[in-house]
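Structural description and commentary
The residues making up each chain are set out below.
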Amino acid sequence: MEDGFNVALEPRERRQPPLSSPRPRTLLCHDMMGGYLEDRFIQGSQAQDPYSFYHWQYIDVFVYFSHHTVTIPPVCWTNAAHRHGVCVLGTFITEWQEGGRLCESFLAGDARSYQAVADRLVQMAQFFRFDGWLINIENSLSPAAVRNTPPFLQYLTTQLHQQVPGGLVLWYDSVVQSGQLKWQDELNEQNRIFFDSCDGFFTNYNWQEDHLQRMVAQAGERLADVYVGVDVFARSNVVGGRFDTDKSLELIRKYGFSAALFAPGWVYECLEKSDFFQNQDKFWRLLERFLPTHSICSLPFVTSFCLGLGTRRVCYGKEQAVGPWYHPSAQETQPLFGEHKLAGDGAGWVKTQCCLADAWHGGGSLLLRGLIPPEVDNVAVRLFSLHVPVPPKLFLSMVYKFEGSMDVQVALELTTGEAGSCHVGSVSVLNGWIQVLLWAGHGDVHTGWLWRWQETGSRHSPRPLQVPPTKLARWVGRCGQQLSGGWIQRCYEVSLHGCLLQDLLVSFSRLPGSSREEKSFVCRLGEIQVVDANSLLAPLPRVQNVTISQIRWVPLISGSEGLPARLLLSCTLHWSFPLLQARCFRIHCWERTGSSSATEEPSGTEKPVFLGLAFANLYRVVDLAVEAARFGQDGRVEFLVEPVPREGFLVPQAEWGRAALLYSAPQ
């Protein structure tokens, strides 16, 4: 049960193209200051200026690296990566003389020994819900041990594929088939026996272009299974690195190989922390032309753009807590970042960046700044790539606000492709594309749908949402209203048949009849939702069977009589809820003391205290300060478990799970 804290909530989202496609991939190997830093805190921490990675749309494989023999990825990384459809690997590494002795102990004997090690590695990945292993043998091997290494890899790979769908085993370029520790910086005849025994090969970093040329013949049809290593720190004799990493990528892609970026946290470790976000965006912007993106393939698609950190916590526009926090499991689906300019010689542009200064939900929002030049009516930026067959009815929502007063309107835009014959209501669109724009103006500007397609250019108005079932009513409860903090939410429905959602964009345009002068704008996006209407018809399950266990009391001594006035309470909450239907759980508490009120419900106007977020069916309360019970009186602490549905709406407090702890003074 204690290990349940480390089990990932998020199954790996489906993606297009799948990881098994022959397209060259991008691997990120996260190696930062020995590993297990602030990310080791399962329920988050109060870290200031922590490292964060959010360019997930460019990444296919994430490796958590450290120099522990067995490195299990912290659950927060697995949750964040899986939310973006990214495969997560742990590391199995042996080094130096101790590593050599370890390898002898399980590789130099019979098959049962190395199979037992492989079985445990598979069980770890399966239980903690990550996706596989990078195998890194950084010590020489005896003849017996090196003979058993390929069958060890084959057995590990086969077992992992059976137990972990989409699992991956990669081998690092270190030992050669003679057993010597001799980095090759390429795939060749001395190490390809290991490549042939697993899913892929991660090269050492000191390669030049002639290494890549030679590897083309060695890899054959498995070019994408060769991950050419790039040391972002640019140590030793390497191509590129640091802000010249694009030079490495250009050569790697020239020959059709996958890339393995080692320690891109260089931008955090070696540059000014105060400029981290600018430097991180710069680093990935320089690489983006060599990094194909992957598409989101499932609904509901809901994101508040939260990075899993902030200087305060906000819950649907209302401030919940003040102070720094860091909880990477709470990171929501991230868009494509960067500056996007109009094609040709146009001066129009839109720049997207994360922003911690304001938030609708979580710790931040998406800041969009841009310019509409006089010669055009609008500018647009693609935020997400999608590959989703459209259900019969779709609900969309956007929460936004403009900074300052301006005559610009914002549109949420979906492009669709054919999945057979694509119909908009009763209109059939064949052999073309559609853009669906959700126009939401500033202030009292008219709102409505605009459908555009190549053949007719007609416009159709949306149908207003009818009186909905309970779950749907909660989803649309804030639609069309001015919300807390100046945010505005617009919700719309659309019926599409036989279509495939391809891109989600945001467009900014002039108001009808406004002047043709240059217009700049600053807009924040607080949330985007794309939801299958049918998912809102099914009732939401209840949080059930909330239990309190592993209780620990620590008295705080005060007063002349030495009696504690306050106690520190630690305990574990556990409950039942189908995890595939939850984004997370918010944990709250109420405290009551005194003989007359200890068992009574708090008044309707009293709000519970927010404790934290859970990404499993359990939560550890740590050192919660409560009032000590007096003689003859009972104390009461009630814990409340609020489910957060994947569709993104508030569940009424009456439907939260709850359990109360009654306590009294010792006699």
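Just so it is clear, the structure is predicted and the values come from calculations on it, not from any experiment. (Residues numbered from 1 in each chain as written. Predicted model: local features only at pLDDT ≥ 70, side-chain atom pairs only at ≥ 80, totals over all residues. Heavy atoms only, no water.)

**Brief notes about the environment of Gly-348**
We count it as follows: Here a strand is any run of E in DSSP of at least two residues, a helix any run of H or I of at least four, and the numbering for each starts at the N terminus. By definition in these notes, contact holds between two residues if any of their heavy atoms fall within 4.5 Å.
Take Gly-348: it is sitting in the loop between strand 15 (338-341) and strand 16 (349-355). Separated by 23 residues in the primary sequence, Gly-348 and Leu-371 place their C-alpha atoms 5.2 Å from one another. Each residue touching Gly-348, except ones within four places of it in the same chain, is listed here: His-340, Lys-341, Leu-342, Leu-371, Pro-373 and Val-379.

**Concerning the pattern of salt bridges**
Two side chains with opposite charge may pair up if their charged atoms get near one another. This is how the line gets drawn: Any Lys or Arg side-chain nitrogen found within 4 Å of a carboxyl oxygen on Asp or Glu counts as a salt bridge.
Overall, the coordinates contain 28 salt bridges when judged by the stated rule. When salt bridges with common partners are traced through the structure, they connect Arg-312, Glu-319, Asp-358 and Lys-401 into a single cluster.

**Concerning the sheet that holds strand 26 (residues 544-557)**
Remark on secondary structure: sheet strands pair via backbone hydrogen bonds, oriented parallel or antiparallel. Basically, it comes down to this: One bridge is not enough; two strands pair if DSSP finds at least two bridges between them. All axes are obtained by fitting lines to C-alpha atoms, using only the stretch in contact for helices, and the reported angles, taken between N-to-C directions, cover 0 to 180 degrees.
Sheet architecture is open: three strands sit in the order 26-27-30, paired in antiparallel fashion. Both outer strands of the open sheet, strand 26 and strand 30 (618-627), are each paired with one neighbouring strand and no more. Shown here is a sheet whose adjacent strand axes are inclined to one another by a mean of 20°, direction ignored.

**Examining the state of the cysteines**
Stated precisely, the cut-off is as follows: The definition used for a disulfide is geometric: two cysteine sulfur atoms within 2.5 Å.
All chains considered together, the criterion is met by zero disulfides. Cysteine Cys-584 is unpaired, with the sulfur of Cys-315 as its nearest cysteine sulfur at 9.4 Å.

**Overview of the packing of helix 2 (residues 96-107) against helix 4 (residues 143-163)**
The packing of two helices is summarised by the inter-axis angle and the distance between the axes. Defined as follows: Reported orientations rely on four angle classes, namely roughly parallel under 35 degrees, roughly antiparallel over 145, roughly perpendicular from 65 to 115, and oblique for the rest. Less than a right angle of anticlockwise turn of the near helix away from the far helix marks a crossing as left-handed, whereas a clockwise turn marks it as right-handed. Each residue is assigned to one class: nonpolar for Ala, Val, Leu, Ile, Met, Phe, Trp, Tyr, Cys and Pro, charged for Asp, Glu, Lys and Arg, and polar for all the others, Gly among them.
Running from amino to carboxyl end, helix 2 crosses helix 4 at an angle of 65°, the nearest separation of the two axes being 9 Å. As judged from the angle between their axes, helix 2 and helix 4 are roughly perpendicular. For the pair helix 2 and helix 4, the crossing hand works out as left-handed. Each of Glu-104, Phe-106 and Leu-107 in helix 2 lies in contact with helix 4, whose residues at this interface are Ala-144, Ala-145, Asn-148, Thr-149 and Phe-152. Of the residues belonging to the contact of helix 2 with helix 4, the class tally is five nonpolar, two polar and one charged.

**Quick look at the nonpolar core**
This is how it is decided: We define a nonpolar core as any set of buried Ala, Val, Leu, Ile, Met, Phe, Trp, Tyr and Cys residues linked to one another through side-chain atoms lying within 4.5 Å. To sort residues, take the accessible area from a 1.4 Å probe on protein chains only and compare it with the maximum for the residue type: under 20% means buried, over 50% means exposed, and anything in between is partly exposed.
Grouped together as the largest cluster of nonpolar side chains are 93 residues, with contacts concentrated most on Leu-27, Val-61, Ile-135, Phe-152, Trp-171, Phe-257 and Trp-284. When neighbours within four sequence positions are excluded, Trp-284 is seen to be in contact with Leu-28, Phe-53, His-55, Tyr-58, Ile-59, Leu-261, Pro-264 and Leu-291. Judged by nonpolar contacts, the second largest core, of 44 residues, contains Val-350, Met-398, Cys-499 and Leu-525.

**Examining helix 2**
Counted only if it meets this: To estimate how far a helix should reach, multiply one less than its number of residues by 1.5 Å. Comment: arc refers to directions from the helix axis out to C-beta atoms.
Its twelve residues give helix 2 an end-to-end C-alpha distance of 16 Å, which sits within 8% of 16 Å, the value for a rise of 1.5 Å per residue. The set of residues buried in helix 2 consists of Gly-99, Gly-100, Cys-103, Phe-106 and Leu-107. Projected down its long axis, helix 2 carries its buried residues within an arc of 140°, all on one side. Facing away from the buried surface of helix 2 by more than 90 degrees, the exposed residues are Gln-97, Glu-98 and Arg-101. If you follow the buried residues of helix 2, they end up packed against strand 5 (87-95), helix 3 (111-128), strand 6 (132-138) and helix 4.

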